[in-house]
Amino acid sequence: MTGIGELHTVDPARGADSVLTEAAVVVENGLIAWVGRASEAPAADRATDVEGRAVLPGWVDSHTHLVFAGDRGAEFAARMAGEAYAAGGIGVTTNATREAGDETLRGLVAGRVRDAVAGGTTYLETKTGYGLDVEQELRAARIAADAADEVTFLGAHLVPEGADPDDYVETVCGPMLQAVRPHVQWADVFCERGAFTPEQSRRVLEACRDAGLGLRVHGNQIGPGEGVALAVELGAASVDHCNFLSDEDVAALAGSATVATVLPACDLSTRAPLAPARKLLDAGATVAIASNCNPGTSYTTSMNFCVATAVLQMELTVEEAVRAATLGGAKALRRDVSAPDRPAVGHLAVGTRADLHVLDAPAAVHLAYRPGMPLTWGVWRAGRREV
Ligand SMILES: N=CN[C@@H](CCC(=O)O)C(=O)O
Ligand SMILES: [Zn+2]
């Protein structure tokens, strides 16, 4: 790829010099083979001239809930009229999802993934969590595994109506975990008032960790709580939402390998105080930006929108926001370092996966400067053009 006006490599090895101008990238067998100044590029069989456009790594969306049916537009409207968000809405989507046939549900998920890719996302996590019984969580895990790069088991999303909370937790840790285990890499819990207590959350996370799953936590979304502390203590890869953080929470994240994942579209859609991304970065924490696409709190897969919001509202620079939505997401999924059979994603360096997002703009700042405009011009996933 030649004619790159501004190349955001997001390569940690380049330090402060990770943005190149008049650059080129060489791709071979789905991997990045060379990155540098266009004038020094080696010869290649074929070339795509992007005519001065900006190029970024594809977005790594590390937090979505794509396996759902139904609509909660009325709940959203009520919220815009002053109602507060509460965890109970998850039950509405659970009922609609259970009623949807397999093919319908697969079609809905595939459409959402297509939308995400059309917006520059090249690596995507999604979760179960709208099944809430063994059979339905297993169905969700299978559908998710066919559609997404990484799958998270979120049986502990809400205690289903009529169930005893502690009995349900035992089901999650026992037969449900056993059923979904072959299809998932991660486990998550909604540690929040109205969902799962810190004790129940710990029980779920420890059982899932013992079953070999990596851990993630939905924490500190609706109010202050123990989600962040629990995530850090258990070595979770990520704690997501982070709207209500104490100074101790910020310090704990800064001193840990747990990524603080902020969800700007969700914060707007729930009229929540924005997660303190600026403060987290200043303290030294690793921050990821994700869409949290779901029908209750964030019905969008647009990472361009999330990045623009992080710049306009959360006081991140464009470079910081791009990093959080690429390398940050990769760190939250522990995919930032190449392994022999798994090239790293989220940055552009020799040997990483050739996931490229070409903007119809000369510089990444246009994502925030022209918010809401259709700025995704081309998308390559593992070297193959998809958009
Ligand atoms: N907070 C928990 N889960 C989702 C919302 C689920 C819903 O309301 O349907 C979230 O991440 O915001
Ligand atoms: Zn979520």
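Residues numbered from 1 in each chain as written. Chains lettered and ligands numbered in written order. Predicted model: local features only at pLDDT ≥ 70, side-chain atom pairs only at ≥ 80, totals over all residues. Heavy atoms only, no water.

In the nomenclature of an unreviewed UniProt entry, the chain is known as Imidazolonepropionase of Kocuria tytonicola. Its UniProt record gives the chain the following Sequence similarities (unreviewed entry) comment, quoted word for word: "Belongs to the metallo-dependent hydrolases superfamily. HutI family." (UniProt positions renumbered as here; feature names shortened; annotations may be inferred.)

Caption draft 1: Structural view of the side chain of D61. Its place among the elements puts D61 in strand β5 (residues 59-61). The charged side chain of D61 is buried without a salt bridge, its nearest counter-charge being K127 at 8.4 Å. Polar contacts involving the side chain of D61 include one to the side chain of S291, which spans 2.6 Å. Not counting residues within four places of it along the chain, the set of residues in contact with D61 comprises T121, Y123, L124, E125, A290, S291, N292 and M303. (Helix = DSSP H or I, 4+ residues; strand = E, 2+ residues; numbered from the N terminus. Buried < 20%, exposed > 50% of the residue type's maximum accessible area, 1.4 Å probe, protein only. Lys, Arg positive; Asp, Glu negative; His and termini not counted. Salt bridge = Lys/Arg side-chain N within 4 Å of Asp/Glu carboxyl O. Polar contact = N/O pair within 3.5 Å; in protein donor to acceptor, adjacent residues only side chain to side chain. Contact = heavy atoms within 4.5 Å.)

Caption draft 2: Quick peek at the UniProt feature "binding site: Fe(3+)" (unreviewed entry) in the chain. The residues that UniProt annotates with the feature "binding site: Fe(3+)" (unreviewed entry) are H63, H65, H218 and N292. These residues run over 230 residues, yet every pair of their C-alpha atoms falls within 12.1 Å of each other. Those residues in contact with H65 that lie beyond four places of it in its chain are T126, K127, Y130, L154, H157, H218, N292, C293 and N294. Within the structure, H65 has its side chain in polar contact with the side chain of H218 (distance 3.3 Å).

Caption draft 3: Spotlight on the state of the cysteines. Evaluated as defined, the whole model comprises zero disulfides. No disulfide involves C242; its sulfur sits 12 Å from that of C266, the nearest cysteine. The cysteine C266 is free of any disulfide, with C306 supplying the nearest cysteine sulfur at 9.6 Å. (Disulfide = S-S within 2.5 Å.)

Caption draft 4: Spatial organisation of the nonpolar core. If you look at the biggest cluster of nonpolar residues, it comprises 91 residues, and the most contacted ones within it are L280 and I289. Broken down by element, the residue count for this core peaks at seven residues, all from helix α5 (residues 165-180). Not counting chain neighbours up to four residues away, the residues in contact with I289 comprise V60, V262, P264, M303, C306, A310, L316, A321, A324 and A325. Residues L20, V25, A354 and V358 belong to the second largest nonpolar core, which totals 15 residues. (Core = buried A, V, L, I, M, F, W, Y, C linked by side-chain atoms within 4.5 Å.)

Caption draft 5: Broad picture of the domain arrangement of the chain. Parsing the chain into structural domains produces domain 1 (4-57 + 346-385) and domain 2 (60-332). Each of domain 1 and domain 2 has a C-alpha centre, and the two are 29 Å apart. Opposite the 21 residues of domain 1 that make contact, domain 2 presents 20 residues. When domain 1 packs against domain 2, the two sides together hide about 1700 Å² of surface, and 66% of this comes from carbon and sulfur. Put simply, domain 1 and domain 2 have zero salt bridges between them. Counting across the interface, domain 1 meets domain 2 through four residue pairs in polar contact (both at pLDDT 80 or more). By residue number, the principal contributor to the side of domain 1 that touches domain 2 is strand β14 (residues 376-381), which donates four residues. Of the residues assigned to the side of domain 1 that touches domain 2, the class counts are 12 nonpolar, six polar and three charged. (Domains from an automatic or database assignment. Buried area = accessible area lost by both parts, 1.4 Å probe. Nonpolar A, V, L, I, M, F, W, Y, C, P; charged D, E, K, R; others polar.)

Caption draft 6: Just the site of ligand 1, in detail. Taken together, 15 residues surround ligand 1, and among them R72, Y85, Y130, Q221 and T297 come closest. Between R72 and ligand 1, the recorded distance is 2.7 Å, taken from a side-chain N or O atom to an oxygen atom. One of the side-chain N or O atoms of H241 is found 2.9 Å from an oxygen atom in ligand 1. Summarising the interface, the protein chains cover 100% of the accessible area of ligand 1, which totals 320 Å² for the free molecule. (Near = heavy atom within 4 Å. Areas by Shrake-Rupley, 256 points an atom, 1.4 Å probe, with all protein chains shown as cover.)

Caption draft 7: Spatial organisation of the packing of aromatic side chains. Here the structure, examined in full by the defined rule, presents three aromatic pairs. Arranged with centres 5.5 Å apart and planes meeting at 70°, the rings of F68 and Y299 form a pair that is edge-to-face. With a gap of 231 residues between them, F68 in the loop between β5 and α1 (73-80) and Y299 in the loop between β12 (287-289) and α11 (303-314) connect regions that are remote in the sequence. For F68, a relative accessible area of 0% translates into the label buried. A relative accessible area of 48% means that Y299 is categorised as partly exposed. The positively charged end of R112 is found above the aromatic ring belonging to F68, 3.5 Å away from the centroid. Taking the ring centre of W377 as reference, the NZ or CZ of R385 above it sits at 5.0 Å. (Phe/Tyr/Trp six-rings, centres within 6.5 Å; stacked < 30°, edge-to-face > 60°. Lys NZ or Arg CZ within 6 Å of the ring centre and 35° of its normal.)

Caption draft 8: Structural view of the coordination of the zinc ion (ligand 2). Protein coordination at the zinc ion (ligand 2): the donors are H63 (NE2), H65 (NE2), H218 (NE2) and N292 (OD1), at 2.0 to 2.5 Å from the metal. Mapping the donors of the zinc ion (ligand 2) onto the primary sequence yields the spacing H-x1-H-x152-H-x73-N. Remark: N292 occurs in the loop between β12 and α11 and H65 occurs in the loop between β5 and α1; sequence separation between them is 227 residues. When its relative accessible area of 2% is taken as the criterion, H65 is described as buried. Under the relative-accessibility criterion, N292 is labelled buried at 1%. (Donors = N, O, S within 2.8 Å, 3.2 Å for Na, K, Ca; no water.)

Caption draft 9: Quick peek at the packing of helix α3 (residues 102-118) against helix α4 (residues 134-147). Contact geometry for α3 and α4: axes closest at 10 Å, N-to-C directions at 40°. Judged by the inter-axis angle, α3 sits oblique to α4. Where α3 crosses over α4, the handedness of that crossing is right-handed. Residues D102, L105, R106, V109 and V113 of α3 form the contact with α4, whose own contacting residues are R139, I143, D146 and A147. Its residues assigned to classes, the contact of α3 with α4 shows five nonpolar, no polar and four charged. (Axes fitted to C-alpha atoms, helices over the stretch in contact; angles between N-to-C directions. Parallel < 35°, antiparallel > 145°, perpendicular 65-115°, else oblique. Left-handed = near helix turned anticlockwise from the far one by under 90°.)

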